[in-house]
Amino acid sequence: MLWDLFCTVIDNHGDLGVAWRLAAELGRRGEQVRLWVDDATALAWMAPQGAPGVSVHAWTRPLTAAALAGLPPADGLIEAFGCEIDAGLLAQRVAAPGPAPFWLNLEYLSAEAWVERCHALPSPVMSGPAAGLSKWFFYPGFTPRTGGLLREPGVTDVPTDAEREHQRRTLGAQTDECLVSLFCYEPAGLAPWLTQLHAQGLGGRPVRLHVMPGRPTAAVRACEAMHRPTDAPDWLRLDFAEPVPQPAFDAKLRACDLNLVRGEDSLVRALWAGQPLVWHIYPQDDGAHEEKLEAFLDWLQAPPSLRRFHRVWNGLDSGPLPPVELATWRECVQAARQVLCRQDDLVTQLLRFCTEKR
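Residues numbered from 1 in each chain as written. Predicted model: local features only at pLDDT ≥ 70, side-chain atom pairs only at ≥ 80, totals over all residues. Heavy atoms only, no water.

- The protein carries the name Protein-arginine rhamnosyltransferase in an unreviewed UniProt entry, which gives Curvibacter microcysteis as its organism.
- One UniProt comment on the protein, placed under Sequence similarities (unreviewed entry), says "Belongs to the glycosyltransferase 104 family."
- The record in UniProt for the protein states the following under Catalytic activity (unreviewed entry): "dTDP-beta-L-rhamnose + L-arginyl-[protein] = N(omega)-(alpha-L-rhamnosyl)-L-arginyl-[protein] + dTDP + H(+)". (UniProt positions renumbered as here; feature names shortened; annotations may be inferred.)

Laid out in structure tokens, this is it:
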């Protein structure tokens, strides 16, 4: 099939990261994808080699007649995360001969119970150029009654000890160091945790903290300027990373002893890495993120220390962060990972769903 996939970049490139992984995996399976995005600059480092079967197109609002001219009509339409497909393209597609397109609204990831109820429901289009068609809501999720998670071949492979040690050395970690990745917004627990790492390390080991670019780097630098100790032994080393392609990011998470991640894409990647993780959920003004976080921790069957760390890290509880229990947290994440690996991945389910509904 030929797919038109639309994506809007909000502020943190996470939507584009998910959309690109979806497009690349569809392309790997022989589909053809036109990815329409309003800001594709991040793909220069996220996916510098491109992907077979995927072409990237500038999504100006609205699409001009020149941009639409000569485009073969797509068989499938995907609007990622609630962005509205360009009306001009819809009008052109509806006017084309042949069957109506399969239209999918790819939603955000959540472990909340209502996701199972809303997944795969149709929504009749009542107005606009596509009036009379239906689009289907497709919800990623963690259970068999949802759309699953993006999982391309090899991403769940467990590296050998030699492979992992090589990756750790590539990231600058010494043998005795605990290697930690930090990808966050501005978590409430960041400043006290950095102070704790400087003074004590992690589990009696010195820490090399691999700080991702952008907001994580800015947040750490701001905390360091205010709180860094100067009169005691220092157990923390900071590395400020450059942006890397998605496969290198995934490999980095597999090499680390602890991954602090944010948003949707990196959460899923941390689950596949099978290492202890902490999720900085995107904060919402109405507080809806708290229920969403609790639902994820319930699904994860998070032990008390991991649940408490999440709540303090995300500013939902006050008080000190609990000790990091790497072995207990790793066992929890790996058990969840095994459950997920027994379920069909998102693209397998999406293609099957498309076949059934068409």
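After presenting the structure, the write-up continues.
### Topic: the layout of surface pockets
1) Next: The volume enclosed by the second largest pocket comes to roughly 350 Å³.
2) Next: With 5 residues, helix α1 (residues 14-28) is the largest single contributor of residues to the lining of the second largest pocket.
3) Next: In terms of residue class, the lining of the second largest pocket is built from 10 nonpolar, 4 polar and 6 charged. (1 Å grid on protein atoms, 1.4 Å probe; cavity = no way out; pocket = protein on both sides within 12 Å on 5 of 7 lines; lining within 4 Å. Points joined across faces, edges and corners; volume = space filled by probe spheres on them. Helix = DSSP H or I, 4+ residues; strand = E, 2+ residues; numbered from the N terminus. Nonpolar A, V, L, I, M, F, W, Y, C, P; charged D, E, K, R; others polar.)

### Topic: the nonpolar core
Burial of nonpolar side chains together is a common tendency in soluble globular proteins.
1) Next: Formed by 56 residues in total, the largest nonpolar core has its most connected members in Trp193, Leu258 and Phe296.
2) Next: In this structure, Leu258 is in contact with Leu179, Val180, Ser181, Trp193, Leu202, Pro276, Leu277, Val278, Val324, Leu326 and Trp329, ignoring residues within four places of it in sequence. (Core = buried A, V, L, I, M, F, W, Y, C linked by side-chain atoms within 4.5 Å. Buried < 20%, exposed > 50% of the residue type's maximum accessible area, 1.4 Å probe, protein only. Contact = heavy atoms within 4.5 Å.)

### A word on the packing of helix α11 (residues 288-300) against helix α12 (residues 304-313)
1) Next: Put simply, α11 and α12 touch, their axes get as near as 11 Å, and they point 165° apart. Taken together, the axes of α11 and α12 are roughly antiparallel relative to one another. Crossing geometry of α11 relative to α12 is assigned as right-handed. Contacts between α11 and α12 involve Glu290, Leu293, Glu294, Leu297, Asp298 and Leu300 from the former and Leu306, Arg307, His310 and Arg311 from the latter.
2) Next: Here the contact of α11 with α12 is composed, by residue class, of 4 nonpolar, 1 polar and 5 charged. (Axes fitted to C-alpha atoms, helices over the stretch in contact; angles between N-to-C directions. Parallel < 35°, antiparallel > 145°, perpendicular 65-115°, else oblique. Left-handed = near helix turned anticlockwise from the far one by under 90°.)

### A closer look at the packing of α1 against helix α14 (residues 346-357)
1) Next: Contact geometry of α1 with α14 gives a least axis separation of 10 Å together with a crossing angle of 65°. Of the possible angle classes, the one that applies to α1 and α14 is roughly perpendicular. The handedness of the crossing between α1 and α14 comes out as right-handed. Residues Leu22, Glu25 and Leu26 of α1 pack against Leu346, Val347, Leu350 and Leu351 of α14.
2) Next: Class assignment of the residues belonging to the contact of α1 with α14 gives a composition of 6 nonpolar, no polar and 1 charged.

### Section: empty space enclosed by the protein
Empty space left among the atoms is revealed by rolling a probe the size of a water molecule over them.
1) Next: Under the counting rule described, the total for this entry stands at 3 cavities of 30 Å³ or more.
2) Next: Reported here for the largest cavity is a volume of approximately 90 Å³.
3) Next: Surrounding the largest cavity, Val18, Leu106, Pro140, Leu149, Leu150, Glu264, Asp265, Val268, Arg269 and Leu346 form its lining.
4) Next: Counted by class, the lining of the largest cavity contains 7 nonpolar, no polar and 3 charged residues.
5) Next: Roughly 40 Å³ of volume is contained in the second largest cavity.
6) Next: Forming the walls of the second largest cavity are Asp4, Arg34, Leu71, Pro72, Pro73, Ala74, Leu89, Gln92 and Arg93.

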